[in-house]
Amino acid sequence: MKNPRLLTKSRFKLALDCPTKLYYTRKSEYENQSNTDSFLEGLAQGGFQVEELARMEHPNGIAITGDDYNYQIVVNRTLELLKQENVTIFEPAFLIDGLFIRVDILVKKGNRIQLLEVKAKSISSNSHNSFINSKGNLGGGWNSYLYDIAFQKYVMQLCYPEWEITSSLKLVDKDATTSVDGLHTCFKIVSSSDLRTGISKKEGLKREDLGDSILCTINVDEEIDLILSQNPTDETRSFPELMNYFRKHYQSDTKIFTEIGSHCRGCEFKQDNPTTEEKSGFHECWTSQLQLSVSEINQPKVYDVWFNPAKKVLEEGRFFMHELSENDLNIRPEAGKISRSERQWLQIEKTINKDQSPHFDLDNLREELASWQFPLNFIDFETTAVAIPFMTGMHPYEQLAFQFSHHIVFEDGRVEHYNEYLNTGIGVFPNFDFIRALKDSLSINDGSIFRYHNHENTIVNVIYDQLRNSNEADKQELLDFIETISHNTGKYAKVWCGERDMIDLQKTVVNYYYDPITNGSNSIKAILPAVLYSSDYLQEKYQQQLANLNLTSKNFEASHVFLTMENGVPISPYKALPPIFEGWDNEQLEQIADSLSEINDGGAALFAYGKLQFPDVKQEEREAIRNGLLRYCELDTLAMVMIYEYFREVCK
């Protein structure tokens, strides 16, 4: 049997997250959501390159490749290699009593074994002491990684009781800097037709070609001993008992009962309208425990409330919004805006009453708009942060700002796409030229500057820090400019808040406006469709061709129409954009980027920039990607303009 019912590393981690998933993961009729494509995930974060980089530190290592799902073959290959007194193996396989693992890197010296688990997650090697907190428990969000290693050591020790196993995490070192340019190009990600991935190393690549290491090895023996001896995530079972529990249920194909709760929100085994062919594990769990119909289960949940204010009510057995009252929220008004608790109750009340009308704090919104100085400047940045830096002297996951868009709204209502910047040069550090271009663009007037959420302020603070440690001739001039348009967020001795500190348009949304269509989300991708749906003004204006609008554009044809309607419902202008990558929806790329733990902001642009850093991308594809980037970023600032125009019309 090629794929026996074995408890593997991935299934073990799945069970730790939610034991019920062990059952659903075997059932094809539940697999109704598309999986994150590992090629794009690797391209964005650099996880595959990190693994290959770690292997390069063991030049004599032997990789076990192919036949990934024929467990016995890879186990037999491992057994042969382990006959050697000293050997380093990549992806060795171990199988015993229904437990199966693959180890990233194993170093064998007699009976002394080093187990290395490679992750693209970063850590400060200089400041790290332990993953065990002051209370003697595991902390810091590393549980899944540590339990993964504990499972591996447990299986290896069963196979070889005489081994002395040392366990370590191989991680990206925040404190390191790369000493070579183009390190990422040494490990090219390639994708086969079935979307499986791999790494193509540069021909003739040697360890010395990689310069100083940007990885660190963190010993976790103490943490693994704690897990194996005390099993801190489940004190009712020892670690071996937990293994047996998961293994037994998986082998017998028996569902493990898991109480429903807030963890259900991200269930991947959810189908809104389950059928005989496409079942929904989510609904099966809720139905069995609450004896409700599918339609009743589909009612808005407590955990859908913005900032989830009522976690305690889940423990009381209340799961739906209509079961909440004002007493659950401790509503506290705040002067001059809609408070958080008031906004939460607005969401609950409008949901219960099926009230789809937007809500405004008009007086305070009018006052806010009146404080803005024309002409209004709307800016958006595109940035990237990858594990393996593109240029010498950079830290892993150090931010690169490679693009911005700048729209200006004049007092008479005229809108101009005034400027844009895009630097996709291979091996070019863009940040200082980026901030110079931004300075030139924003210095054209003295009007208010707008961003959407925190990203832009965070990025100029990053560049501020990079400039402080630079030898740029105009360093002080650029530092002074950053201080005028931002406020400090880093650990600087100097504190500032500029006279043109960027206004956060998202805060304007949160403080003065709520629309039930957004379902509590305040992202620009949620707010834009809401304002387009509610505004006759925006619908009338943006259903016209660009040539007929009081608006200029650098990237859209005169015949382009930003807004189309379908059965009376506006279609988001983002959906009209052609994909930056052929065959991949831009929104799908946004979702993938949002799921990556080391990346704070990103999306389609993040993937595009990463791809353009490889020199073998053909010129026509390079130009197509660049044009896509320019359109996408322009639409980001135009979306901000549309939201402003909606508020302006509402306040008249």
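As shown above, the structure is provided for reference.
Residues numbered from 1 in each chain as written. Predicted model: local features only at pLDDT ≥ 70, side-chain atom pairs only at ≥ 80, totals over all residues. Heavy atoms only, no water.

Trainee: Quick question: what am I supposed to make of the overall build of the chain here?
Mentor: In terms of helices and strands, the chain carries 22 helices and 20 strands. For 652 residues, the compact-globule estimate of 2.2 N^0.38 gives 26 Å, and the C-alpha radius of gyration of the chain, at 27 Å, lies within 12% of that figure. Taking the principal axes of its C-alpha atoms as reference, the chain extends roughly 80 × 65 × 50 Å. A burial count over the chain gives 53% of its 652 residues as buried. Accessible area for the chain stands at about 29,600 Å²; split by element, carbon and sulfur atoms hold 44% of it. Considering the chain, the positive charge centre built from 66 side chains and the negative charge centre built from 96 side chains are found 4 Å apart. (Helix = DSSP H or I, 4+ residues; strand = E, 2+ residues; numbered from the N terminus. Rg over C-alpha atoms; globule rule 2.2 N^0.38 Å. Buried < 20%, exposed > 50% of the residue type's maximum accessible area, 1.4 Å probe, protein only. Areas by Shrake-Rupley, 256 points an atom, 1.4 Å probe, with all protein chains shown as cover. Lys, Arg positive; Asp, Glu negative; His and termini not counted. Charge placed at Lys NZ, Arg CZ, Asp CG, Glu CD.)

Trainee: What's the story with the packing of helix α15 (residues 455-468) against helix α16 (residues 475-485) in this structure? I'm lost.
Mentor: Axis angle and axis distance: for two packed helices, these are the angle between their axes and the distance between the axes, and together they describe the pair. With their axes 10 Å apart at the nearest point, α15 and α16 run at an angle of 155 degrees to one another. Taken together, the axis directions place α15 and α16 in an arrangement best described as roughly antiparallel. The crossing of α15 and α16 is left-handed. On α16, the residues touching Val-460, Ile-463, Tyr-464, Leu-467 and Arg-468 of α15 are Lys-475, Leu-478, Leu-479, Ile-482, Glu-483 and Ile-485. (Axes fitted to C-alpha atoms, helices over the stretch in contact; angles between N-to-C directions. Parallel < 35°, antiparallel > 145°, perpendicular 65-115°, else oblique. Left-handed = near helix turned anticlockwise from the far one by under 90°. Contact = heavy atoms within 4.5 Å.)

Trainee: What am I meant to see in the sheet that holds strand β2 (residues 62-63) here?
Mentor: Each strand in a sheet pairs with another by means of backbone hydrogen bonds, the pair being arranged parallel or else antiparallel. The sheet built from six strands is open, its strands ordered β2-β3-β6-β7-β8-β11 with mixed pairing. On the outer flanks of this sheet lie β2 and β11 (215-219), each paired with one strand and no other. Sheet topology note: the strand β7 (residues 112-123)/strand β8 (residues 164-173) ladder contains nine bridges and is parallel. In the strand pairing of β8, Glu-117 is matched with Leu-169. (Pairing = 2+ DSSP bridges.)

Trainee: Explanation requested: the packing of aromatic side chains in the structure shown.
Mentor: Tallied over the full model, the rule gives 39 aromatic pairs. Aromatic pair Tyr-245 and Phe-246: ring centres 6.0 Å apart, planes at 45 degrees, arrangement tilted. Overall, Phe-246 belongs to the buried group, its relative accessible area being 3%. Here the aromatic cluster, defined as three or more aromatic residues joined through ring pairs, consists of Phe-12, Tyr-147, Phe-151, Tyr-154, Phe-239, Tyr-245 and Phe-246. Seen from the ring of Tyr-245, Arg-237 lies directly overhead, with NZ or CZ sitting 3.7 Å from the centre. Above the ring of Phe-307, the side-chain terminus of Arg-340 is found at 3.7 Å from the ring centroid. (Phe/Tyr/Trp six-rings, centres within 6.5 Å; stacked < 30°, edge-to-face > 60°. Lys NZ or Arg CZ within 6 Å of the ring centre and 35° of its normal.)

Trainee: Please explain helix α9 (residues 281-290) as it appears in this structure.
Mentor: In an α-helix, one full turn covers 3.6 residues, which means residues spaced three or four apart are oriented alike. Those residues of α9 not exposed but buried are Gly-281, Phe-282, His-283, Cys-285 and Trp-286. Looking at the buried positions of α9, the neighbouring elements they touch are α2 (21-24) and α10 (294-297). Gln-291, located one to two residues past α9, shows a positive phi value of around 55 degrees.

Trainee: Just checking my understanding: could you explain the environment of Met-321 for this structure?
Mentor: Here Met-321 lies in the loop between α11 (311-315) and α12 (340-352). The class for Met-321 is buried, based on a relative accessible area of 4%. For the pair Met-321 and Gln-347, spaced 26 residues apart in the sequence, the C-alpha separation amounts to 9.2 Å. Each residue touching Met-321, except ones within four places of it in the same chain, is listed here: Pro-300, Lys-301, Val-302, Asp-304, Val-305, Gln-347, Ile-348, Thr-351 and Ile-352.

Trainee: Even after reading the chapter, I still don't get the pairing of β8, so can you show me in this structure?
Mentor: For β8, the buried fraction is high: eight of the 10 residues fall into the buried class. In this fold, the crossover linking β7 to β8 by way of helix α6 (residues 143-159) has right-handed handedness. (Right-handed = clockwise from strand over helix to strand, strands pointing away.)

Trainee: What is the right way to read unusual backbone geometry from this model?
Mentor: Excluding glycine, residues mostly have negative phi values, and the peptide bonds linking residues are mostly trans. Omega for the bond connecting Phe-374 with Pro-375 falls within 30 degrees of zero, at -5 degrees, which places this linkage in the cis form. By secondary structure assignment, the location of Pro-375 is in the loop between α13 (362-370) and β13 (376-384). With a phi angle near 60 degrees, Asp-253 is a residue other than glycine that sits in the positive phi range. Locating Asp-253 in the fold gives a position in the loop between α8 (239-251) and α9. Positive phi is not limited to glycine here, since Phe-307 has a value of about 65 degrees.

Trainee: Before we go on, may I ask you to explain the sheet that holds strand β16 (residues 449-451) in this structure?
Mentor: Sheet architecture is open: five strands sit in the order β15-β14-β13-β16-β17, paired in mixed fashion. With partners counted over all chains shown, the strands left at the sheet margins are β15 (415-422) and β17 (503-504), one partner each. Sheet analysis places β13 next to β16, joined by two bridges and oriented parallel. Paired with Asn-377 across the strands is Ile-449, a residue of β16.

Trainee: Can you walk me through the side chain of Thr-78 in this structure?
Mentor: Relative to the elements of secondary structure, Thr-78 occurs in helix α5 (residues 71-81). Note on Thr-78: relative accessible area 1%, which makes it buried. Leave out the neighbours within four places in its chain, and Thr-78 touches Ile-64, Pro-92, Ala-93 and Phe-94.

Treat this as a map of the structure, not an account of what it does.
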